[in-house]
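Observations on the model geometry
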Amino acid sequence: MGNKLPPGQFETENWPILHQGDVYEFSEDTWNFRLFGEVKEEVSLSYSDVMKLPKTVSTIDMHCVTTWSKFGTTFEGIALRELVNLAELNEGAKYVKIYGYYNGDPFGYSANMPLEPLLGDDALFVYRWKDQNHEWEEITPKHGYPLRLIPPASFYLWKGTKWASGIRFMKEDEAGFWEELGYSMTANPFKEERYR
Ligand SMILES: Nc1nc2c(c(=O)[nH]1)N[C@H]1C(S)=C(S)[C@@H](COP(=O)(O)O)O[C@H]1N2
Ligand SMILES: [Mo]
């Protein structure tokens, strides 16, 4: 098969850590996950509600806009579509913003994407991982514990919100944290869509 390196990227075997702001410290009592926006009724899930959902294991390549790519990391998580299935969407809800913690604000970070490409086995809210050098282990707080999105490899990794807190469904695409600062709305590494 052979790994396909997107233009302007180099391969790393390590999993670097990049984010803005504080590392969120998980507390099950106060944590919840919200499905809101273009839905008939908002949904709020506890940690145990989320962890009871069906699990998916997938190997997903990661491409960071700072030019590192990591191939062949295997993740266990909850497919984004399992969460989508819990909400009744309004007609025309074609985009999502995935929110996460930023300096204590559960909705301080966000990343926007179209919904349709996120309905497969390669869009997971993950909590465990392994690779050629590591046995299964929980993702560390710095990588987004208890739950962080790993997006399909057709998106740069900033779309992979750490310390995820909810999904907002939208009829129109709307810029998230990095997109507001000039990064790409579509962010396809293979088309080198870094900025907008
Ligand atoms: N909540 C939150 N999620 C975030 C970020 C952030 O600052 N806050 N940074 C993003 C960016 S820019 C990248 S490249 C990836 C890095 O994930 P990693 O540190 O696990 O490699 O997380 C993304 N998710
Ligand atoms: Mo990034």
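Residues numbered from 1 in each chain as written. Chains lettered and ligands numbered in written order. Predicted model: local features only at pLDDT ≥ 70, side-chain atom pairs only at ≥ 80, totals over all residues. Heavy atoms only, no water.

1. A word on empty space enclosed by the protein
Per the stated rule, a full pass over the model turns up one cavity of 30 Å³ or more. There is about 30 Å³ of room inside the largest cavity. Surrounding the largest cavity, Asp61, Met62, His63, Ile150, Pro151, Pro152, Ala153, Phe155, Tyr156 and Leu157 form its lining. Considering every element that reaches the lining of the largest cavity, the biggest residue donor is strand β4 (residues 56-63), with three residues. Across the lining of the largest cavity, the residue classes break down as eight nonpolar, one polar and one charged. (1 Å grid on protein atoms, 1.4 Å probe; cavity = no way out; pocket = protein on both sides within 12 Å on 5 of 7 lines; lining within 4 Å. Points joined across faces, edges and corners; volume = space filled by probe spheres on them. Helix = DSSP H or I, 4+ residues; strand = E, 2+ residues; numbered from the N terminus. Nonpolar A, V, L, I, M, F, W, Y, C, P; charged D, E, K, R; others polar.)

2. Some remarks on the side chain of Arg168
Within the secondary structure layout, Arg168 lies in strand β11 (residues 164-170). Accessibility expressed as a relative area gives 19% for Arg168, which makes it buried. Look past the residues within four positions of Arg168 in its chain and what remains in contact with it is Phe36, Gly37, Tyr95, Val96, Lys97, Tyr99 and Glu174. (Buried < 20%, exposed > 50% of the residue type's maximum accessible area, 1.4 Å probe, protein only. Contact = heavy atoms within 4.5 Å.)

3. What about the pairing of β11?
Each regular strand carries side chains that alternate between the two faces of the sheet. Within β11, seven of the seven residues are buried, which leaves it mostly tucked inside the rest of the structure. Note that strand β6 (residues 95-102) and β11 share six bridges and pair antiparallel. In the strand pairing of β11, Tyr95 is matched with Met170. (Pairing = 2+ DSSP bridges.)

4. Some remarks on the layout of surface pockets
Considering only enclosed or pocket space, the largest pocket measures out at about 420 Å³ in volume. Together, 23 residues line the largest pocket, and Leu18, His19, Tyr109, Trp158 and Trp178 are the ones closest to its centre. Each residue belonging to the lining of the largest pocket can be placed in one class, and the counts come to 15 nonpolar, six polar and two charged.

5. Observations concerning the site of ligand 1
Every one of the 19 residues lining ligand 1 counts as a neighbour, but Pro16, Gln20, His143, Arg148 and Lys162 are closest to it. Between an oxygen atom of ligand 1 and a side-chain N or O atom of Trp15, the distance comes to 3.0 Å. Tyr101 places a main-chain nitrogen or oxygen 3.1 Å from a nitrogen atom of ligand 1. For ligand 1, whose accessible area on its own is 540 Å², the fraction buried by protein is 97%. Taken atom by atom, the bulk of ligand 1 overlaps the largest pocket. (Near = heavy atom within 4 Å. Polar contact = N/O pair within 3.5 Å; in protein donor to acceptor, adjacent residues only side chain to side chain. Areas by Shrake-Rupley, 256 points an atom, 1.4 Å probe, with all protein chains shown as cover. Sits in = over half its atoms within 2 Å of the grid points.)

6. Description of the packing of aromatic side chains
Applying the stated criterion across every chain yields a total of 19 aromatic pairs. Taking 5.0 Å as the distance between ring centres and 75 degrees as the angle between the ring planes, the aromatic pair formed by Trp15 and Trp129 counts as edge-to-face. Taken together, the residues Trp15 in the loop between β1 (10-11) and β2 (33-37) and Trp129 in strand β8 (residues 124-131) connect sequence positions 114 residues apart. For Trp15, a relative accessible area of 9% gives the class buried. A relative accessible area of 5% means that Trp129 is categorised as buried. Between Tyr99 and Phe107, the ring centres sit 5.5 Å apart and the planes meet at 70 degrees, which makes this aromatic pair edge-to-face. (Phe/Tyr/Trp six-rings, centres within 6.5 Å; stacked < 30°, edge-to-face > 60°.)

7. Regarding the sheet that holds β11
The pairing of strands in a sheet happens through backbone hydrogen bonds and is either parallel or antiparallel. Here five strands make up an open sheet; going across it, the order is β3-β2-β11-β6-β7 and the pairing mixed. Unpaired on one side and paired on the other, β3 (43-45) and β7 (105-114) mark the two borders of the sheet. Strand-to-strand twist across the sheet, computed as the mean angle between neighbouring axes with direction ignored, equals 20 degrees. The pairing of β2 with β3 spans three bridges and is antiparallel. In the sheet register, Arg34 faces β3, and the bridge partner there is Ser44. (Axes fitted to C-alpha atoms, helices over the stretch in contact; angles between N-to-C directions.)

8. Brief notes about the UniProt feature "domain: Oxidoreductase molybdopterin-binding" (unreviewed entry) in the protein chain
The residues that UniProt annotates with the feature "domain: Oxidoreductase molybdopterin-binding" (unreviewed entry) are residues 22-178. The span residues 22-178 carries 8% helix and 44% strand; its end-to-end C-alpha distance comes to 17 Å. (UniProt positions renumbered as here; feature names shortened; annotations may be inferred.)

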